[in-house]
Amino acid sequence: MLALLMGAFYLETTPADFRDGQWDPLIYVSRRLQVESSNPPDSGAVEIYPRFDANRDGYYDLLSAVAAGGSGGYIRVWFGGPNGYSSTNYWQAQSDSGGNMDMADLNLDGWPELIHSGWGTDGGQCTIYWGRPTGYSASDTTRLPNGRAEAVYVYDLDKDSYLDILLAGDDGNFYVYWGGPSGYSQANRSTRNLSTVGHNIEVADLNKDGWPDVVLPTGSAITTTTTVLWGDASPRTLSDNPTWSDNSETWGYCHGITLGDFNKDGWIDIVRSRYNRTFTAHTARIYWNNNGTFSNSNYTQINPGDCYGGSAAYDFNGDGWLDLVFFRGIAGEGTQFQLKMYPNTGSSPYFRDQDTIPFGPSGWYTGGFVWDFNRDGKPEIFANNGCGFGLQSYVLWGVRLVGSSVVYDSIQSLPVIDDHHGGFRECGNVYNRSSYAWYESGVFSHPNLQREATLSWISWDSVEVGAEVRMYIRTRWDPSSPWSAWRQVNNGEVVNEAPYFPARDIQYRAEFVWQNPAYMPWLERVKLETQALSVEEASGDVPAKPSFGSGKGLIWVSWPGHDGRVSLYSADGRRIGSRELAGGRAEFRGLTPGVYYLILGEAREKAIVR
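A.B. asks: Outline the sheet that holds strand β35 (residues 421–423), listing residues and values.
C.D. replies: Within the open sheet, the 5 strands sit side by side as β11-β10-β9-β8-β35. Their pairing is mixed. This sheet does not close on itself; its edge strands, each paired only once, are β11 (141–145) and β35. Averaged over all pairs of adjacent strands, the angle between strand axes in this sheet comes to 15°, irrespective of strand direction. Pairing analysis gives 3 bridges linking strand β8 (residues 99–104) to β35, with the strands arranged parallel. Within β35, the position partnered with Asn100 by the bridge is Gly422.

This is the structure in structure tokens:
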């Protein structure tokens, strides 16, 4: 018989379709509709949420927030260009004094919004400057009261496909303005009191349970603490979220959070720095993530000095390990400090005081971050300079860690009075700062064996600007079987070869790669079509021979529609065991690397386990 058993057609295009997957901390499932020519009203996409190019001219823009107090406060966007930055090429608006700033396309119109925490005046109000083709305007804003928030962070905390605005208030409250179809308002806000919270907020799924976790600097002038607010399935009810807090160090505000996988064990660690204007607060700690948990005894303590501006992570010497740079300063004190580099040694404890390197101009640093602004392979450091004294912030061009020295090509000054935190967000993958993020779909399962699959998709990417969506699939026989390796596919390509087929379960993976963060790729639609084994194939008339394959610690045999016993022998002829074909498949697991031989009826096959 030549009739086909039922194949399958799967389409992912709405937020609900995409939300059953898992994704990188840089990714969220949005409601964007820009590339598809047709789509249901409930459109969906997978995209990277932060933005770094305010005017969409292809260059990385920098953010400053002046803490002059009262009507003297303002925010400033330094526009990048082919020759870097200029003391005259900026947009400015009067604003509440100082605090953090962030950028994201909140309304999905293609133009990023500028979000300022609003620390300082009027009781503290966050301001959203709505992005538009003609640029930002002080008359086109939304104001959100927040208890004098020093820190702001944009993230889809409740995974409803609307970006939320997270704020750390000086009044001790953590505020979340929930995004929605009607925008942002006090009526759609949650709070939780955490004593004192300040610069800066970070978010990632630290325990890999599928819900984002929030890391905040908490405590007071006499007790330094860090709090992890663990995400859960009821994210809008902040009061029931469990927390972890580190043990308090006395005399010092916690003032700076950095996330990264500093020991390369696949888990995100926490760096906490601090300062105190009256008593010294020289220590910082790296809290090591142990399979999704933190402990008051599992940390490395270092002594970078008072760090009003926190820290940033980057691999400055290209050895594959994230190094740390600390932005040192004390609010209200006249003492100046250089930046300080802590190279990652690549082995425990990873960071040591004897390896530190002070570098750069002396200042009163309030924040900063690292990225390769001009894409020449050498990263830059933007350092906000203020603490009540600074007259300019700095761009250090071409910073490298060479042996025990930090070298850089040049320093550029950007005139701004008392730059207080400003833009803090570190570009790149949270784990390692690479230009890369990922999304993995849910599992597409079929009760019948499928013999092939075709994956096609609609995305925005561009080879010309180095923005790319790369797609992969993997398969397995059934839920009790191991997955195949990921196989990259072209758009519309048919995959039917072993070891990927036959199979019942299929999953796809999207990898988002970029060279210039002004151009971030995104994915709007995925179509997966499968064809089932024919009745002939399933009944055993074909194929005439079994197929064999091997992987890490595994050898498998596939012969749909057939029965029989497979025997496995070592290279020296010892019989290791045998398996009956079950549903046309047999597997040998837990094998050590080496050469093996399989016998199934008259079929003989050599297999290598690596």
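A.B. asks: Outline the packing of aromatic side chains, supporting the account with residue identities and numerical values.
C.D. replies: Under the counting rule described, the total for this entry stands at 33 aromatic pairs. Here the aromatic rings of Tyr10 and Phe444 are separated by 4.9 Å at their centres, their planes lie at 50°, and the arrangement is tilted. Linking Tyr10 in strand β1 (residues 8–12) with Phe444 in strand β37 (residues 444–460), this pair joins segments that are 434 residues apart in sequence. What makes Phe444 buried here is its relative accessible area of 10%. Aromatic side chains Trp23 and Tyr439 sit 6.1 Å apart centroid to centroid with 15° between the ring planes, which places their arrangement in the stacked category. Separated by 416 residues along the polypeptide, Trp23 in strand β2 (residues 22–23) and Tyr439 in strand β36 (residues 436–440) bring together distant segments of the chain. According to the relative accessible area criterion, Tyr439 is buried, its value standing at 0%. Through pairs of rings, three or more aromatic residues link up here, namely Phe52, Tyr60, Tyr85, Phe369, Phe373, Phe382 and Trp397. Lying across the ring of Trp522, Arg32 places its NZ or CZ 5.2 Å from the centre. Positioned above the aromatic ring of Trp321 is the side chain of Lys264, whose terminal nitrogen or guanidinium carbon lies 4.5 Å from the ring centre.

A.B. asks: Give a description of the pairing of strand β17 (residues 213–219) that names residues and reports values.
C.D. replies: The buried fraction of β17 is high, at 7 of 7 residues. Along β17, one buried face is formed by Asp213, Val215, Pro217 and Gly219 and the opposite face, lined by Val214, Leu216 and Thr218, is buried too. Bridge analysis of strand β16 (residues 202–204) against β17 gives 3 bridges, and the strand direction is antiparallel. For Glu202, the partnering residue across the bridge sits in β17 and is Val215.

A.B. asks: Provide a residue-level description of the side chain of His255, including the pertinent values.
C.D. replies: Mapped onto the elements, His255 comes out in strand β21 (residues 253–260). A residue is classified by how much of its surface remains accessible, and His255, at 5% relative accessible area, is buried. In contact with His255, other than residues within four places in its own chain, are Glu150, His199, Pro217, Ser273, Arg274, Tyr275, Cys307, Tyr308, Gly309, Gly310 and His421.

A.B. asks: Now, about the confidence of the model for the protein chain: what can you tell me, with residues and values included?
C.D. replies: Per-chain confidence: the protein chain averages 90 in pLDDT, with 93% of residues scoring 70 or above. Segment residues 1–5: pLDDT under 50, and 13 contacts once partners within four positions in sequence are set aside and those in other chains are kept.

A.B. asks: Tell me about the pairing of strand β25 (residues 311–314), and please be specific about residues and values.
C.D. replies: By the alternation rule, side chains of β25 split into Ser311 and Ala313 and Ala312 and Tyr314, which are all buried. Sheet analysis places β25 next to strand β26 (residues 323–326), joined by 4 bridges and oriented antiparallel. For Tyr314, the partnering residue across the bridge sits in β26 and is Asp323.

A.B. asks: So what's going on with the sheet that holds strand β7 (residues 90–94)? Residues and values would help.
C.D. replies: What the 3 strands build is an open sheet, ordered β5-β6-β7; its pairing is antiparallel. Strands with a single pairing partner mark the edges of an open sheet, and in this sheet they are β5 (62–66) and β7. When the angles between neighbouring strand axes are averaged without regard to direction, this sheet yields 15°. Direction of pairing for strand β6 (residues 74–78) relative to β7: antiparallel, over a ladder of 5 bridges. If you follow Tyr74 over to β7, its bridge partner there is Gln94.

A.B. asks: Before we move on, can you summarise unusual backbone geometry with the specific residues and values?
C.D. replies: Following Ser348, the chain continues to Pro349 via a peptide bond in cis, the omega torsion being 5°. With an omega of 10°, the peptide bond running from Ala498 to Pro499 counts as cis. Position of Pro499 among the secondary structure elements: in the loop between β40 (493–495) and β41 (503–513). Backbone geometry at Lys159 places phi at a positive 55°, although glycine is not the residue there. Assignment of secondary structure puts Lys159 in the loop between β12 (149–155) and β13 (164–169).

A.B. asks: Can you explain the environment of Leu62? Please cite residues and give values.
C.D. replies: Looking at where Leu62 falls in the secondary structure, it is placed in strand β5. Given a relative accessible area of 0%, Leu62 falls into the buried group. For the pair Leu62 and Tyr90, spaced 28 residues apart in the sequence, the C-alpha separation amounts to 9.4 Å. Once residues within four sequence positions are removed from consideration, Leu62 is found in contact with Arg76, Val77, Trp78, Tyr85, Phe369, Phe373, Phe382, Val395 and Leu414.

A.B. asks: Now, about the environment of Thr530: what can you tell me, with residues and values included?
C.D. replies: Turning to its location among the elements, Thr530 is positioned in strand β42 (residues 522–532). With relative accessibility at 3%, the residue Thr530 sits in the buried group. Placed 77 residues apart in sequence, Thr530 and Ala453 show a C-alpha to C-alpha distance of 4.2 Å. For Thr530, the contacting residues outside a window of four places in its chain are Gly7, Ala8, Gln450, Glu452, Ala453 and Ile506. Within the structure, the side chain of Thr530 is placed 2.6 Å from the side chain of Gln450, a separation counted as a polar contact.

A.B. asks: Hey, could you go over the pattern of salt bridges for me, with residue numbers and the actual values?
C.D. replies: Following the criterion strictly, the structure yields 25 salt bridges and no others. Across the pair Arg433 and Glu426 runs a salt bridge, and its minimum N-O distance is 3.3 Å. Assessed through its relative accessible area of 12%, Glu426 is described here as buried. A salt bridge links Lys527 to Glu529, with the nearest nitrogen and oxygen atoms 3.9 Å apart. Using a relative accessible area of 27% as the deciding quantity, one classes Lys527 as partly exposed. Three or more residues joined by partner-sharing salt bridges are found here, namely Arg32, Glu47, Arg51 and Asp105.

A.B. asks: Outline the domain arrangement of the protein chain, supporting the account with residue identities and numerical values.
C.D. replies: Domain annotation for the protein chain reports domain 1 (7–52 + 435–542), domain 2 (62–415) and domain 3 (548–609). Between domain 1 and domain 3 the total buried area reaches about 870 Å² when both faces are included, carbon and sulfur atoms providing 60% of it. The tally of links between domain 1 and domain 3 comes to 2 residue pairs in polar contact (both at pLDDT 80 or more). Ranked by residue count, the leading element in the side of domain 1 that touches domain 3 is helix α2 (residues 535–539), at 3 residues. Residue classes in the side of domain 1 that touches domain 3 are distributed as 9 nonpolar, 4 polar and 1 charged.

Cut-offs applied
Residues numbered from 1 in each chain as written. Predicted model: local features only at pLDDT ≥ 70, side-chain atom pairs only at ≥ 80, totals over all residues. Heavy atoms only, no water. Pairing = 2+ DSSP bridges. Helix = DSSP H or I, 4+ residues; strand = E, 2+ residues; numbered from the N terminus. Axes fitted to C-alpha atoms, helices over the stretch in contact; angles between N-to-C directions. Phe/Tyr/Trp six-rings, centres within 6.5 Å; stacked < 30°, edge-to-face > 60°. Buried < 20%, exposed > 50% of the residue type's maximum accessible area, 1.4 Å probe, protein only. Lys NZ or Arg CZ within 6 Å of the ring centre and 35° of its normal. Contact = heavy atoms within 4.5 Å. pLDDT = per-residue confidence, 0-100. Polar contact = N/O pair within 3.5 Å; in protein donor to acceptor, adjacent residues only side chain to side chain. Salt bridge = Lys/Arg side-chain N within 4 Å of Asp/Glu carboxyl O. Domains from an automatic or database assignment. Buried area = accessible area lost by both parts, 1.4 Å probe. Nonpolar A, V, L, I, M, F, W, Y, C, P; charged D, E, K, R; others polar.

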